[in-house]
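# Geometric and topological summary
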Amino acid sequence: MTSVPATKHVEALLKNDDGIFNHATKGTYICDTSTISPHASVDFNKLAKERDLIFLDTPMSGGITGAINQTLTFMVGSSEDEFERAKVVLGGMGKNFFHCGGPGTGEIAKISNNLILGISMIAAAEGMAIGEKLGMDPKKLMEILSVSTARCWSIDTYNPRPGNLPNVPASRGYEGGFQVSLVKKDLALALEVASSVNAASDMTEHSIDYYRKLEKMGYGTKDIGFVFQYIMKNYEL
């Protein structure tokens, strides 16, 4: 099992002299849960096969809460048989398992997911901030939004307003969550693959600017919900 920040880190784990490709026993399954380029995952799969190894892209979703509760969702790019074998290990960490298709498709699903998350967190933060500044009780507003058409994970499970939910990063100084620098990296990946297939990505391009600004201001290690503080305090660079 590997879980590292970016494509270059996975490549190093696999290809370095002391890496997996040079030392793993033939037939070893390499389940990579990182969020990386789907094109790189396809290449890693090919290189693994040349060494009688099996590389699968198995990115996960569910955040720190899902990890603690063993309810993560895994998106797997592999053959059907490889998927079934990998589930034996992934089952110790997750609840939902999807065979997305061939190599790289797990990453496609994950990038799509994180694109939506990155954008929706900003929308949730903007709505929560505006409501509070207008005088609405923030917890009551969250309760309303959680059962209305604005309902999403960023509202009812991972709310960015401190004190609205216990045991989420926003209520512990935005520590120990999904870091701003990582969502910025994932949105950059989304923009890269969108460009390769000529898909519109205007909202992604606008959203990544929020996270770039936060990282530039020194908040790259804070949870993505910190965008709420950016909006509430109207930070300026």
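These figures come from a predicted structure and were not determined experimentally.

Let us look at the pairing of strand S4 (residues 72–77). In terms of residue burial, S4 counts as a mostly covered element, since 6 of its 6 residues are buried. Pairing of S4 with strand S5 (residues 94–101), which is carried by 6 bridges, proceeds in the parallel orientation. Looking at S5, one finds that Val76 is bridged to His99. One crossover worth recording links S4 to the parallel S5 by way of helix H5 (residues 80–90), and it is right-handed.

Of the volumes computed, that of the largest pocket is approximately 690 Å³. If you trace the largest pocket, you find 30 residues lining it, with Met60, Gly63, Lys110, Asn114 and Phe178 closest to the centre. Secondary-structure elements contributing two or more residues to the lining of the largest pocket are strand S3 (60–61), helix H4 (63–69), helix H6 (105–133), helix H8 (153–156) and helix H9 (180–196). When residues in the lining of the largest pocket are grouped by element, the largest group, 6 residues, is from H6.

So, on to the packing of aromatic side chains. Counting across every chain of the model gives 6 aromatic pairs. On the basis of an interplanar angle of 5° and a centroid distance of 6.1 Å, the ring pair of Phe74 and Phe97 is categorised as stacked. Here Phe74 is found in strand S4, whereas its partner Phe97 is found in strand S5, with 23 residues between them in sequence. Judged by relative accessible area, which is 0%, Phe74 ranks as buried. Residues Trp153 and Tyr158 carry aromatic rings whose centres are separated by 4.4 Å and whose planes lie at 15° to one another, so their mutual orientation is stacked. With relative accessibility at 31%, the residue Trp153 sits in the partly exposed group. Among the aromatic side chains, those forming a connected cluster through ring pairs are Tyr174, Tyr219 and Phe226.

It is worth spelling out unusual backbone geometry at this point. In this structure, Asn167 takes a positive phi of about 60° despite not being glycine. By the element assignment, Asn167 lies in the loop between H8 and H9. Located in the positive-phi region is Tyr174, a residue other than glycine, with phi close to 60°. Take Tyr174: it is sitting in the loop between H8 and H9. Owing to a relative accessible area of 4%, Tyr174 belongs among the buried residues under this scheme.

Criteria and cut-off values
- Residues numbered from 1 in each chain as written.
- Predicted model: local features only at pLDDT ≥ 70, side-chain atom pairs only at ≥ 80, totals over all residues.
- Heavy atoms only, no water.
- Buried < 20%, exposed > 50% of the residue type's maximum accessible area, 1.4 Å probe, protein only.
- Helix = DSSP H or I, 4+ residues; strand = E, 2+ residues; numbered from the N terminus.
- Pairing = 2+ DSSP bridges.
- Right-handed = clockwise from strand over helix to strand, strands pointing away.
- 1 Å grid on protein atoms, 1.4 Å probe; cavity = no way out; pocket = protein on both sides within 12 Å on 5 of 7 lines; lining within 4 Å.
- Points joined across faces, edges and corners; volume = space filled by probe spheres on them.
- Phe/Tyr/Trp six-rings, centres within 6.5 Å; stacked < 30°, edge-to-face > 60°.

So far we have only geometry, and geometry alone does not tell us how the molecule works.
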